[in-house]
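Residue-level listing of the chains:
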Amino acid sequence: MEKMKFETPDMAQMNIEKIAVLFPNCVTESKAADGKLKKAVNFDALKQMLGESVAEGDESYEFTWVGKRDAMVEAAKPIRKTLRPCVEESKNFDTTENLYIEGDNLEALKLLQEGYLGKVKMIYIDPPYNTGNDFIYKDDFRMDSAKYAEESGAVDDEGNRMVQNSDSNGRFHSDWCSMIYSRLLLARNLLTDDGVIFISIDDNEQANLKKICDEVFGGDCFVGDFVWKRRQMVDSRSKNGVSEDHEYCLAYFRCCDGKLKGVLSDMTKFSNPDNDPRGNWRSSDLTGLATADKRPNLHYDLTNPETGITYPCPPLGWRYDKNHMKELIEKKEILFPADPSGRPRKKMFVKDLGSLYTGISTILNTVYNTQGTRELKGLFDEKTFFDFPKPTDLVKLFVDQNESKDFIVLDFFSGSATTAHAVMQLNAEDGGHRKFIMVQLPEKCDENSEAAKAGYKTICEIGKERIRRAGDKILAEQQAKEKSAADKTDLFESASDKSATAKTLDIGFRVLKIDDSNMKDVYYSAGEISQQDLVEQISNIKDGRTDMDLLFGCLVDWGVPLSLPIKTETIENLQVYNVNDGDLVACFANDIPEAAIRQIAAAKPLRAVFRDSSFKSDSAKINVTEIFKTISPNTTVKVV
């Protein structure tokens, strides 16, 4: 019976597996530091396969910084961590499909790799802008001053400093680049093929972020660089006389053939002043986009057959050739102006629109930062607990760029949890079933802040409380709206589908906290353990860990989504956990009788897991394996 490994995937080995699919002859085996054989890439063979397409030397184009290699290694390195459920801090724990993960987001992204690989349709993040006072992520790959000075050439061979090592040199940006680079490498794996990521940033690191994203996602997958006018009024306080009124939001697809939904067309421009039987229409441009030497067939003078007025050819010609233009004239779709100096236009009918949506502008001038502040203060009794939160309408705009209304939204720089608020609000507005995963480091609130004085110790506590309050407010508004609709119409009719929106609206979230592995790190040596200890079977599980801790550790290790429903059943007076009606069944009791094993096997779960100490001997474990082989041969059985 196999044991659970409780270690995140080795991303380097996963990448080698991908190479092996394309070039199996370039993958071999080599002995690792621990003496075990691992797959490795034969780069000489790979170079031969790629021919002249291998970049070598100093002539290739790339964006690099001191610490980039360490960041890449850190992203691929497995960790022995787990996610521990915190039911008391959650809301609707048993029914919600939303997650709030508390801990370092680099570790969180690693823990999500197997369960959410290729399952996240949209990511929105608002990372630290590296303004000098908001950089709080201290990863293992961050270098001390001496190492940085050596690698960046800031010291000579004798170790003498050659340039001053201050925040004004490259290290200031290098630390930030390393931080975001490793996280984006992992985040890309989670996106669906048609998934998209939006990243808010300002001028401090926009240029560097664009280059990093071009490398991680590919320049061909670049969607656009949205410019958001965040400030409504000009700021006259700047020393250089420039009011910085904007931020950016970089967008990239997971694959190059993605498309955003766009924004709803302005249908007020359509009308039917001439009672055209084909319905509402508006006039559209008829001019072309090509010069006469490129498209000579589109360059001609156009004559109105009814009035004889001739309209000269525009500089870039017409949109259609003579034959097509003649057909449009016959169908009364060309609008000829009375003035010969005017320019003919075309009727565009609503019925002929391929979509009611038009392209989304990269200039966002619809909502301001002050709205985000007002929203948060409105939820917290007009008190300021968080500086400059993003407005929900901004995040809703990005979330709504997916045609689907049923997908996962991830934000691993959750902050005040604006993204969670936006997802719940949008679901209430359009009846969607979007789910969110928020990740936030439990950064301590300043002891002099209003938040700390109100009892909030960390940013996580503010974010979780915001989701609770926002969810209650959204639900109350939805219920009031449905009650109003019911009062105005037939009560039976109105209750049929509209009330289902409030009933199915998910305003809950499961709180999961990153912690060390549930398994003990140090085992006893032969001289430290007695025969009586062996008889009693010393547990390999850390003290204080509950059955729910073990269950979620198994979900992470097995790559099972963490939002699936969990039922608690009683079999032979033992507590048994059933995840999503048989995706995984777990029993962590001691001395599980054979009758209980047979009942669990009879349910034919996909996976079954028990404690190693649940069985008195190796023969008892073998018996369990044989029972499952007989009753449910397709079940994978493991122990912790």
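All of the points below concern the structure found in this document. The structure displayed is predicted, hence computed values, not measured ones.

1. Quick notes on the pairing of strand β6 (residues 120–125)
Across the six residues that make up β6, a large majority, six, are buried. For β6 and strand β7 (residues 191–201), the ladder comprises five bridges, and the chain directions are parallel. Within β7, the residue paired with V120 across the bridge is L191. One ladder, built from two bridges, connects β6 with strand β18 (residues 408–411); its direction is parallel. Each residue of the ladder has a partner; that of M122, found in β18, is V409.

2. Some thoughts on helix α9 (residues 369–379)
Within the span of α9, buried status applies to N369, Q371, G372, E375, L376 and L379. Buried positions in α9, seen along its axis, are confined to an arc of 160° and lie on one side of it. Its buried side turned inward, α9 meets β8 (222–229), α10 (392–399), α11 (418–430) and α13 (459–488). Once α9 finishes, D381 follows within two positions and takes phi at roughly 55°, a positive value.

3. Some thoughts on the packing of aromatic side chains
Counted by the stated rule, this structure contains 17 aromatic pairs. With a centroid separation of 5.2 Å and an interplanar angle of 65°, the aromatic rings of F380 and F385 are classed as edge-to-face. Overall, F380 belongs to the buried group, its relative accessible area being 2%. Of the residues examined, F385 reaches a relative accessible area of 11% and is grouped as buried. Their ring planes at 75° and their centres at 5.7 Å tell us that F610 and F615 sit as a pair that is edge-to-face. A relative accessible area of 4% places F615 in the buried class.

4. Brief notes about empty space enclosed by the protein
The full count for this structure, using the stated rule, is four cavities of 30 Å³ or more. Taken together, 14 residues form the lining of the largest cavity, with F6, E7, K81, V556 and D557 sitting closest to its centre. Looking at the lining of the largest cavity, the elements with two or more residues in it are β4 (81–85), α4 (105–111) and α16 (547–558). Grouping the constituent residues of the lining of the largest cavity by class yields four nonpolar, five polar and five charged.

Reading the values: rules and limits
- Residues numbered from 1 in each chain as written.
- Predicted model: local features only at pLDDT ≥ 70, side-chain atom pairs only at ≥ 80, totals over all residues.
- Heavy atoms only, no water.
- Buried < 20%, exposed > 50% of the residue type's maximum accessible area, 1.4 Å probe, protein only.
- Helix = DSSP H or I, 4+ residues; strand = E, 2+ residues; numbered from the N terminus.
- Pairing = 2+ DSSP bridges.
- Arc of directions from axis to C-beta.
- Contact = heavy atoms within 4.5 Å.
- Phe/Tyr/Trp six-rings, centres within 6.5 Å; stacked < 30°, edge-to-face > 60°.
- 1 Å grid on protein atoms, 1.4 Å probe; cavity = no way out; pocket = protein on both sides within 12 Å on 5 of 7 lines; lining within 4 Å.
- Points joined across faces, edges and corners; volume = space filled by probe spheres on them.
- Nonpolar A, V, L, I, M, F, W, Y, C, P; charged D, E, K, R; others polar.

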